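Chain and residue survey
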Amino acid sequence: MSRRSKCLSATLITGALLLASVGVGGVATSAGPPAPHSAAARSFAATHSGHAMAASVATSPEDPDGDGYIPVNPPVTGVTPATQDPPHRYFHEFQANCSVTHTRPDDPIVYPQQPGASHDHTFLGNTTTDAASTTASLAAGRTTCKAPGDLSGYWMPTLYNGDRQVLPVGPQVIYYKAGVTDYTSVRPFPKGLRFVVGSPTQSADEFRHHPGFVEGWECGDSYFNTEFPATCPNRADVQLNIRFQAPSCWDGTYLDTPDHKSHMAYPVVKPGTNDNVCPADHPVALPMIEFKMAFPVNGDMSKVRLASGTGHSFHYDFFNAWDAPTLKALVDHCIVGGLQCDARGYDETHPGAGAALDEHYELP
């Protein structure tokens, strides 16, 4: 079967997943729903009504034939899922602390080269992310992440309280962890890898039982919510929070696929054990991203919503544009090394291990 045939087949099977997922942006923010009759308005209406809206196919510099498949060059071959059980370490992670840059109804993964085609997204990290973003354009951009080498694009549907945008303030926590038991097998993301986590059209039950679900929406003493709590304690120290984990097993073949998901997979439990391993068709262990976002809203939550719909429509996108040596240093030192690192790659409980980066968050 040709790549084109595979694409058409995948599109028919997973058309509902080809919807708006994430957005990109210009430095100015947009307030409220998109203008009537615009492409963004059609996407907004579709996600709010619970119906999938097929994403139009568009070519891009990285996918000139528009079939949705972006192969990695060279592919990673000869890998089998790691099943070793290394010395126990409770932590094997580091943080990417990145601030909000802008909002815009763009999505360079789901709607490449189609500005305004998505619901509104809130972007973190790379300041240039928009509908036209490519691996090369992101690599030439700037970042709000503490580590200058992290030029990746991170985005999620914009949160509103009524028609007012509610944007996370200051650096947000994006964990890079080991999703498999053999943390020593984790390798850095390939440059240009991109994927969508969750879906704007998922049901509340699908959201609650998603393999990336951690604690749902939370505020104060309220946890594990699939929808926004009706009220949150009206105190300065209370914000609305969510944690959600991404798949961390890769097929080694594609940087993107038509549904923006099938080249990635979540770890599975090895039969007869409690060990998490990558499935055979996605054998390459990569860092597991975990969004931990905090939104400055509390009190009456009755008008709080996402640009993609209600609380259970939460999802996010990742487009890797890390400086390769910087990412490798952090992965090797913190994840493979079994440490609990900050954005410098420093574990204060193991000061003797040193840090992966210098005081400027750069390679020494």
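Residues numbered from 1 in each chain as written. Predicted model: local features only at pLDDT ≥ 70, side-chain atom pairs only at ≥ 80, totals over all residues. Heavy atoms only, no water.

**Details of the sheet that holds strand β9 (residues 194-197)**
Using the following cut-off: When DSSP finds two or more bridges between a pair of strands, those strands are recorded as paired. Numbering of helices and strands starts at the N terminus; helices are DSSP runs of H or I of at least 4 residues and strands are runs of E of at least 2. Lines are fitted to the C-alpha atoms to define the axes, a helix being fitted only along its stretch in contact, and any angle between axes, read from their N-to-C directions, falls within 0 to 180 degrees.
In space, the five strands of this open sheet follow the order β3-β4-β5-β23-β9, with antiparallel pairing throughout. Either end of the sheet is taken by a strand with one partner, and the two such strands are β3 (100-104) and β9. With direction set aside, neighbouring strand axes in the sheet form an average angle of 20°. Note that β9 and strand β23 (residues 316-319) share four bridges and pair antiparallel. Pairing of Phe195 across the sheet is with Phe318, part of β23.

**Side note on the confidence of the model for the chain**
Applicable threshold: What pLDDT reports is the predictor's confidence in each residue, on a scale of 0 through 100. Note on contacts: a residue pair is in contact if any heavy atoms of the two residues lie within 4.5 Å.
A residue-level look at the chain finds 84% of positions with pLDDT of 70 or above and a mean pLDDT of 87. This stretch, residues 1-56, has a pLDDT under 50; its non-local contacts, to residues over four places away or in other chains, come to 145 contacts.

**Quick word on the nonpolar core**
Selection rule: Think of a nonpolar core as a cluster: buried Ala, Val, Leu, Ile, Met, Phe, Trp, Tyr and Cys residues, connected wherever their side-chain atoms sit within 4.5 Å. A simple rule labels every residue: compare its accessible area, found with a 1.4 Å probe on the protein chains alone, to the largest value its type can have, and call it buried under 20%, exposed over 50%, or partly exposed in between.
Judged by nonpolar contacts, the single largest core of 64 residues is most densely connected at Phe94, Tyr154, Tyr176, Ile289 and Phe295. Ranked by residues supplied to this core, first place goes to helix α5 (residues 324-335) with five residues. Residues contacting Phe94, with those up to four places away along its chain left out, are Ile174, Tyr175, Tyr176, Trp322, Leu327, Leu330, Val331, Cys334, Ile335, Cys341 and Asp342. Core analysis: the next-biggest nonpolar cluster, separate from the first, contains eleven residues, Ala117, Phe123, Trp155 and Val196 among them.

**Here we look at α5**
Stated precisely, the cut-off is as follows: Given a helix with a known number of residues, its expected span is that number minus one, times 1.5 Å.
Compared with an ideal rise of 1.5 Å per residue, which puts twelve residues at 16 Å, α5 spans 16 Å between its outermost C-alpha atoms and is within 8% of the ideal. For α5, the full list of buried residues reads Thr326, Leu327, Leu330, Val331, His333, Cys334 and Ile335.

**Some words on the state of the cysteines**
Here is the idea: a disulfide is a covalent bond, and it sits between the sulfur atoms of two cysteines. Our working definition: For this text, the term disulfide refers to a pair of cysteine sulfurs within 2.5 Å.
A complete count under the given rule lists four disulfides for this structure. In this model, Cys334 is linked to Cys341 through a disulfide, with the two sulfur atoms separated by 2.3 Å. Its S-S torsion of about -100° marks the bond between Cys334 and Cys341 as left-handed, since a negative value means left-handed. The exposure classification of Cys334 matches that of Cys341, with both residues buried. Take the cysteines of the chain that form disulfides and number them in order along the sequence; they join up as 1-2, 3-4, 5-6, 7-8.

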